[in-house]
Amino acid sequence: MGQPRKPSGNPPGQYAYEGLDRLLHERSRLSILSSLMGHPQGLLFNDLKDLCSLTDGNLSRQIQILQEANLLEVWKSMNKGRPQTLCRLTDTGRERFTQYLHQLEEVIANASKARPAGSSVGGSFKPSLG
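These lines cover the structure that appears in this document, whether it is placed above or below. (Residues numbered from 1 in each chain as written. Predicted model: local features only at pLDDT ≥ 70, side-chain atom pairs only at ≥ 80, totals over all residues. Heavy atoms only, no water.)

1. Focus: the packing of aromatic side chains
To describe a pair of aromatic rings, you give the distance between the ring centres and the angle between the ring planes. With the rule as written, the count across this model stands at two aromatic pairs. Ring geometry for Tyr15 against Tyr17: centres 6.2 Å apart, planes inclined by 75 degrees, an arrangement best described as edge-to-face. Relative accessible area serves as the criterion here: at 15%, Tyr17 is assigned to the buried category. Ring centres of Phe97 and Tyr100 lie 5.8 Å apart, and the angle between their planes is 20 degrees; this geometry places the pair in the stacked category. Here Phe97 and its partner Tyr100 are both found in helix α5 (residues 91-114), three residues apart, which amounts to about one turn of the helix. On the basis of relative accessible area, Phe97 is assigned to the buried category, the value being 2%. (Phe/Tyr/Trp six-rings, centres within 6.5 Å; stacked < 30°, edge-to-face > 60°. Buried < 20%, exposed > 50% of the residue type's maximum accessible area, 1.4 Å probe, protein only. Helix = DSSP H or I, 4+ residues; strand = E, 2+ residues; numbered from the N terminus.)

Structural data, given as structure tokens:
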């Protein structure tokens, strides 16, 4: 077996993916941000908990982390004597998550180009964020 060939034509850092923000990349936070991207008016705590399959404690902690990073806004109110918490992405949160999604598209595009012809990976994904 010979020496591996040095990649040609690839710009330095092509696979560094600096835009994969660790804050956003964690599974629970990724679930929360994805859910809220599809609901610009925000979601109530229990709806968000159900959509993301998180426990009360885990969701509370992740919301706190995202709020401290200025990615989420949180409103607390009472409805029929019961506390309600509404979570919504901030403009900064929406912008950062969109940038993150563009970086994921680049990962997918690079991996797709590297895949041998004729091989498939579970269906055809065609990202289109604009």
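2. Digging into the environment of Gln67
Structurally, Gln67 is set in helix α4 (residues 56-68). Residues Gln67 and Arg88, 21 residues apart in the sequence, show an inter-C-alpha distance of 9.8 Å. Ignoring anything within four residues of it in the chain, the contact list for Gln67 reads Leu72 and Val74. (Contact = heavy atoms within 4.5 Å.)

Purely geometric stuff here, so don't read any function into it on its own.
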